[in-house]
Amino acid sequence: MSDHVYKQIELTGSSTESIEHAVSTAIAKASKTLRNLHWFEVTETRGQIENDKVAYWQVTLKVGLRID
């Protein structure tokens, strides 16, 4: 295995469906303009309640991009 260097960024994704969908949405959107996305870590999970139900999920991620 060769040595790698990573840049770390923070993203926040949201979804009315689930935490997993919020993560996937953030990564899919970021991958349209960023290269070499390599790993992620969920650092925060939040949600909004409307009419006594979860209206949406919001997830903040640290994402590692491998530097060429």
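Residues numbered from 1 in each chain as written. Predicted model: local features only at pLDDT ≥ 70, side-chain atom pairs only at ≥ 80, totals over all residues. Heavy atoms only, no water.

A. Just the sheet that holds strand β2 (residues 37–50), in detail. Read across the sheet, 3 strands follow the order β1-β3-β2 without closing on themselves; strand pairing throughout is antiparallel. Looking at the sheet topology across the chains shown, the edges are occupied by β1 (6–15) and β2. Mean inter-strand twist for the sheet, computed between neighbouring axes without regard to direction, equals 15°. As paired elements, β1 and strand β3 (residues 53–66) share 10 bridges and run antiparallel to each other. Looking across to β3, one finds that L11 is bridged to L61. Sitting on the sheet, helix α1 (residues 19–30) is in contact with β1, β2 and β3, with an inclination near 130° to β1. (Pairing = 2+ DSSP bridges. Helix = DSSP H or I, 4+ residues; strand = E, 2+ residues; numbered from the N terminus. Axes fitted to C-alpha atoms, helices over the stretch in contact; angles between N-to-C directions. Contact = heavy atoms within 4.5 Å.)

B. Representation of the pattern of salt bridges within the structure. Overall, the coordinates contain 2 salt bridges when judged by the stated rule. Salt-bridge contacts for D68 lead to R35; the nearest nitrogen and oxygen are separated by 3.1 Å. Of this pair, D68 sits in the segment after β3 while R35 sits in the loop between α1 and β2, and the two are 33 residues apart along the sequence. Residue R35 is classed as exposed on the basis of its relative accessible area of 60%. For E44, the salt bridge identified is with R46, shortest N-O distance 2.8 Å. R46 gets classed as partly exposed once you look at its relative accessible area, which sits at 30%. (Salt bridge = Lys/Arg side-chain N within 4 Å of Asp/Glu carboxyl O. Buried < 20%, exposed > 50% of the residue type's maximum accessible area, 1.4 Å probe, protein only.)

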